[in-house]
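Summary of structural features
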Amino acid sequence: MQVNCRWGLGKEDFLYYIATGHAQMGRKGQRDDPRASPSMTRQEPYAGAIVALLGGMESPEIRAVREVQQGRPPRP
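Every value quoted in this text rests on a predicted model; they were computed, and no experiment measured them. In this convention, every chain numbers its residues from 1, walking through the sequence in written order. Local features in this predicted model are restricted to residues of pLDDT 70 or higher, and side-chain atom pairs are both shown and tallied only at a pLDDT of 80 or more, whereas totals for entire chains, interfaces and linings draw on every residue. In computing side-chain properties, one takes all heavy atoms of the structure into account and sets aside hydrogens as well as water.

Side note on the overall build of the protein chain
Note the following rule: Secondary structure counts use DSSP, requiring at least four H or I residues in a row for a helix and at least two E residues in a row for a strand, with both numbered from the N terminus. The contact definition used throughout considers only heavy atoms, calling two residues in contact when any of these lie within 4.5 Å. To measure how exposed things are, a 1.4 Å probe is used in the Shrake-Rupley method; for residues, cover is taken only from the protein chains shown. In summary, the charge assignment counts Lys and Arg as positive and Asp and Glu as negative, without counting His or the chain termini. By convention, charge coordinates are those of NZ in Lys, CZ in Arg, CG in Asp, or CD in Glu.
Counting secondary structure elements, the protein chain contains 3 helices and 0 strands. In the protein chain, the succession of α and β elements from N to C terminus is α-α-α. Dimensions of the protein chain, computed from the C-alpha atoms along their principal axes, are close to 40 × 35 × 15 Å. Across the protein chain, contacts joining residues at least 24 apart in sequence account for 41% of those joining residues at least 6 apart. Of the roughly 5,400 Å² of accessible surface on the protein chain, a fraction of 54% belongs to carbon and sulfur atoms. Taking the average place of the 11 positive charges on the side chains of the protein chain and the average place of its 8 negative ones, the gap between the two points comes to 3 Å.

Quick look at the structure:
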């Protein structure tokens, strides 16, 4: 995605943020902390900015992704 700049945000971290609302920095031994991003890097402000540009967590696209993540078929 490019919006006046290019974010090097990994898909896994972005999708984790969509699923949990968290993508904070973690340290060795915090792999099980649900607030830490999969890459253990602080991605929350970037992921949040992208979600805001897409229309927020309640936008139809983000809602559809969350439904798939939860094992439900997306609503039309």
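Side note on the pattern of salt bridges
Rule in force here: By definition, a salt bridge exists where a carboxyl oxygen of Asp or Glu is found within 4 Å of a side-chain nitrogen of Lys or Arg.
For the structure shown, the criterion picks out 1 salt bridge. Note that glutamate 58 is salt-bridged to arginine 63, the shortest N-O span being 3.9 Å.

A word on helix H2 (residues 44–53)
Helical geometry note: an α-helix holds 3.6 residues per turn, so side chains three or four residues apart project in the same direction. The condition is simple: Exposure classes here rest on a 1.4 Å probe applied to the protein chains alone. A residue is buried below 20% of its type maximum, exposed above 50%, and partly exposed in between. This arc corresponds to the set of directions leading from the helix axis out to the C-beta atoms.
Here H2 has its buried residues at Ala47, Ile50 and Val51. Around the axis of H2, the buried residues are gathered within 100° of arc, so they sit on the same side. Set apart from the buried face of H2 by more than 90 degrees, the exposed residues are Ala52 and Leu53. Buried residues along H2 sit against helix H1 (11–20) and helix H3 (60–69). At the C-terminal side of H2, glycine 55 shows a positive phi close to 115°.

Describing the nonpolar core
Stated formally: As used here, the term nonpolar core means buried Ala, Val, Leu, Ile, Met, Phe, Trp, Tyr and Cys residues forming a set that is joined through side-chain atoms within 4.5 Å.
Listed in full, the 9 residues of the largest apolar core are Leu9, Phe14, Tyr17, Ile18, Ala23, Ala47, Ile50, Val51 and Ile62. Listed by contribution, the elements that provide at least two residues to this core are H1 and H2. When neighbours within four sequence positions are excluded, alanine 23 is seen to be in contact with Asp13, Tyr17, Arg35, Ser37, Thr41, Arg42, Gln43 and Glu44.

Some thoughts on the environment of glycine 8
Summarising the element assignment, glycine 8 is placed in the segment before H1. Residue class for glycine 8 comes out exposed when judged on its relative accessible area of 80%. Residues glycine 8 and tyrosine 46, spaced 38 residues apart in sequence, show a C-alpha to C-alpha distance of 9.3 Å.

Geometry only, nothing functional implied.
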